[in-house]
Amino acid sequence: MVYKSPNKGMTVIVKTVTRLTLAFILIYGIYIGMTGGVSPGGGFTGGVILALAFVHIMLAFGKEAALRKLRANTLRMVMGPAAFIFLLGVATGRVPEEIGAICEMVIVGTGLFAIFIALVLASKSDRNSE
Amino acid sequence: MIEIHLVLIFMIAAAVIAVSVKDLLSSVVAIGAVGVGLAMAFLLLKAPDLAILQLVVEILSLIILVHATTRQDLPFSTSGRWLFNTISTLFFVVVFLMVAHKALKGIPIVGASLPGAVQPIMENVPAKEETGNLVATILMKTRAIDTLGEVAALFTAVVGVLAISRKIGRTGGGNGL
């Protein structure tokens, strides 16, 4: 891999660029998610871009920094209510569309980032057992 | 329609390379080329929504595949090949800009022409719902079950992966999950 170890992160160039561009990536993901109705995009795409922003943090700064920013319990606490509100909106039809789009974005973003965290931790435990 | 055939030939060639090459990292890069070709095909078929989704998901899956296939440091040397690298980069940038210009010019304005399948749905939307965001209204009212299934599949995958990783975290000592 290009970077040395999963715990240390990449070089200082990558860290600086990540620090500069992270806010723009997050804003772009929220924009794609919120304006999905009238322009290309949507909640799913915006959520994937948000997950990519956190994957970016994890690849550049290492696993510990990303997990310090977004813990697994926080992921669960955010994803559960969002899924519940989305289910409520589908069942009753009384939840506004914008809140539905935000909920879909949150579910997809946190879900894909959780899958990536789980894969990284699983591969690390594989390396320890070898 | 010649562009779509060129993109299809590119995708088939990349898929054959991905299957036949020995190195795993080269195979993963070829799979990424197939995905980018699919995004270009979506863009040429006037579906920019799917093109964005395909591109973003392709990047995420490429990161996961690279993370899964490479286990140690790879020799990362670009010395001695700078001429080839520069020429290929410029070539792909020019091709990307030309395809993007051609594809984005052909996309009609949103709402200018309705496909046949959407027409009865659009006519049956109640008048008080027509508050600018008609597509989101259709998404939440008419296609809600479809979106619910999409999100439910992802949610199930997440719950399963979190359950697996929780067991690993217990045996290997607490590390966040």
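Everything below is about the structure shown above.
Just so it is clear, the model here is predicted, and its values are computed rather than measured.

**Student:** Could you clarify how one ought to interpret the overall build of chain B in this entry?
**Tutor:** Within chain B, the regular secondary structure consists of seven helices and zero strands. Going residue by residue from the N terminus, the α and β elements of chain B occur as α-α-α-α-α-α-α. Out of the 177 residues in chain B, the part that is buried amounts to 24%. Long-range contacts, defined here as pairs at least 24 residues apart, represent 43% of the contacts in chain B between residues at least 6 apart. Of the roughly 11,900 Å² of accessible surface on chain B, 73% is carried by carbon and sulfur atoms.

**Student:** Got a minute to help me understand the overall build of chain A in this structure?
**Tutor:** On a plain count of helices and strands, chain A comes out with five helices and zero strands. Written out in order from the N terminus, the α and β elements of chain A read α-α-α-α-α. Summarising the internal contacts of chain A: among those between residues at least 6 apart in sequence, 70% fall at separations of at least 24. As presented, chain A carries roughly 6,400 Å² of accessible surface, and 70% of it is formed by carbon and sulfur atoms.

**Student:** What is the right way to look at the side chain of Gln54 of chain B in this model?
**Tutor:** All names here are of chain B. With respect to the secondary-structure elements, Gln54 resides in helix α3 (residues 48-69). According to the relative accessible area criterion, Gln54 is buried, its value standing at 17%. Apart from residues lying up to four places away in sequence, Gln54 is in contact with Gly35, Leu38, Ala39 and Phe42.

**Student:** How should I be thinking about the packing of helix α2 (residues 43-61) of chain A against α3 of chain B in this particular structure?
**Tutor:** The axes of two packed helices give the description: the angle between them and the distance between them. Across the interface, α2 of chain A lies against α3 of chain B with an axial gap of 10 Å and an inter-helix angle of 30°. Relative to α3 of chain B, the element α2 of chain A lies roughly parallel. For the pair α2 of chain A and α3 of chain B, the crossing hand works out as left-handed. Here Phe44, Thr45, Val48, Ile49, Leu52, Val55 and Leu59 of chain A of α2 of chain A come into contact with α3 of chain B, specifically with Asp49, Ile52, Leu53, Val56, Val57, Ile59, Leu60, Ile63 and His67 of chain B. Partitioned by chemical class, the residues of the contact of α2 of chain A with α3 of chain B number 13 nonpolar, two polar and one charged.

**Student:** How should I be thinking about the environment of Ile13 of chain A in this particular structure?
**Tutor:** Within the secondary structure, Ile13 of chain A is located in helix α1 (residues 12-34). Once the C-alpha coordinates of Ile13 of chain A and Ala60 of chain A are considered, the two residues, 47 residues apart in sequence, prove to be 9.6 Å apart.

**Student:** Help me out: how do you make sense of the side chain of Glu58 of chain B in this one?
**Tutor:** All names here are of chain B. In this structure, Glu58 sits in helix α3. Accessibility expressed as a relative area gives 12% for Glu58, which makes it buried. With residues near it in sequence (within four places) discarded, Glu58 still touches Ile31, Gly32, Gly35 and Val36.

**Student:** Whenever I open this one, the nonpolar core confuses me. Can you help?
**Tutor:** Across soluble globular proteins, nonpolar side chains show a tendency to be buried alongside one another. Counting residues in hydrophobic clusters, the biggest one holds 30 residues, and the most contacted among them are Val48, Met58, Leu112, Phe113 and Ile117 of chain A. Only α1, α2, α3 (63-69), α4 (72-92) and α5 (97-129) of chain A together with α3 and α7 (144-171) of chain B provide two or more residues apiece to this core. No other element matches α2 of chain A, which puts ten residues into this core. With residues near it in sequence (within four places) discarded, Met58 of chain A still touches Lys63, Ala66, Phe113, Phe116, Ile117 and Val120 of chain A. Counting residues in each nonpolar core, the second largest holds eight residues, with Ile4, Ala41, Leu43 and Ala51 of chain B among its members.

**Student:** Got a minute to help me understand helix α1 (residues 2-20) of chain B in this structure?
**Tutor:** Along an α-helix, residues three or four positions apart point the same way, because every turn accommodates 3.6 residues. Along its 19 residues, α1 of chain B runs 27 Å from first to last C-alpha, staying within 8% of the 27 Å computed at 1.5 Å per residue. On its buried side, α1 of chain B packs onto α2 (24-44) of chain B.

**Student:** Which parts of the structure should I look at to understand the packing of aromatic side chains?
**Tutor:** Two aromatic rings are characterised by how far apart their centres lie and by the angle between their planes. Residues and elements named next belong to chain A. Evaluated as defined, the whole model comprises two aromatic pairs over all chains. On the basis of an interplanar angle of 45° and a centroid distance of 5.5 Å, the ring pair of Phe54 and Phe113 is categorised as tilted. On the criterion of sequence distance, the pair formed by Phe54 in helix α2 and Phe113 in helix α5 is long-range, its members being 59 residues apart. Classification of Phe54 by relative accessible area gives partly exposed; the value is 22%.

**Student:** What's the story with α2 of chain A in this structure? I'm lost.
**Tutor:** Residue and element names in this part refer to chain A. In a regular helix each residue adds 1.5 Å, so 19 residues correspond to 27 Å; α2 covers 27 Å between its end C-alpha atoms and thus fits that length. Among the 19 residues that make up α2, 16 are buried, leaving the element largely enclosed by the rest of the structure. Looking at the residues trailing α2, positive phi occurs at Gly62, about 95°.

**Student:** It is not clear to me how a nonpolar patch on the surface should be interpreted in this structure. Could you clarify?
**Tutor:** A cluster of nonpolar side chains, Phe84, Ile85, Leu88 and Ile99 of chain A, forms an exposed patch at the surface whose accessible area comes to about 350 Å². Along the chain, Leu88 of chain A falls in helix α4.

**Student:** What is the right way to look at the packing of α1 of chain A against α2 of chain A in this model?
**Tutor:** Residue and element names in this part refer to chain A. Relative orientation of the contacting elements α1 and α2 amounts to 170°, with a least axis distance of 8 Å. Viewed along their axes, α1 and α2 adopt a mutual orientation that is roughly antiparallel. Residues belonging to the contact of α1 with α2 are distributed by class as follows: 13 nonpolar, eight polar and two charged.

The rules behind each value
Residues numbered from 1 in each chain as written. Chains lettered and ligands numbered in written order. Predicted model: local features only at pLDDT ≥ 70, side-chain atom pairs only at ≥ 80, totals over all residues. Heavy atoms only, no water. Helix = DSSP H or I, 4+ residues; strand = E, 2+ residues; numbered from the N terminus. Buried < 20%, exposed > 50% of the residue type's maximum accessible area, 1.4 Å probe, protein only. Contact = heavy atoms within 4.5 Å. Areas by Shrake-Rupley, 256 points an atom, 1.4 Å probe, with all protein chains shown as cover. Axes fitted to C-alpha atoms, helices over the stretch in contact; angles between N-to-C directions. Parallel < 35°, antiparallel > 145°, perpendicular 65-115°, else oblique. Left-handed = near helix turned anticlockwise from the far one by under 90°. Nonpolar A, V, L, I, M, F, W, Y, C, P; charged D, E, K, R; others polar. Core = buried A, V, L, I, M, F, W, Y, C linked by side-chain atoms within 4.5 Å. Expected span 1.5 Å × (residues − 1). Phe/Tyr/Trp six-rings, centres within 6.5 Å; stacked < 30°, edge-to-face > 60°. Patch = residues over 30% accessible without salt bridge, like charges linked within 9 Å, V, L, I, M, F, W, Y side chains within 5 Å. Salt bridge = Lys/Arg side-chain N within 4 Å of Asp/Glu carboxyl O.

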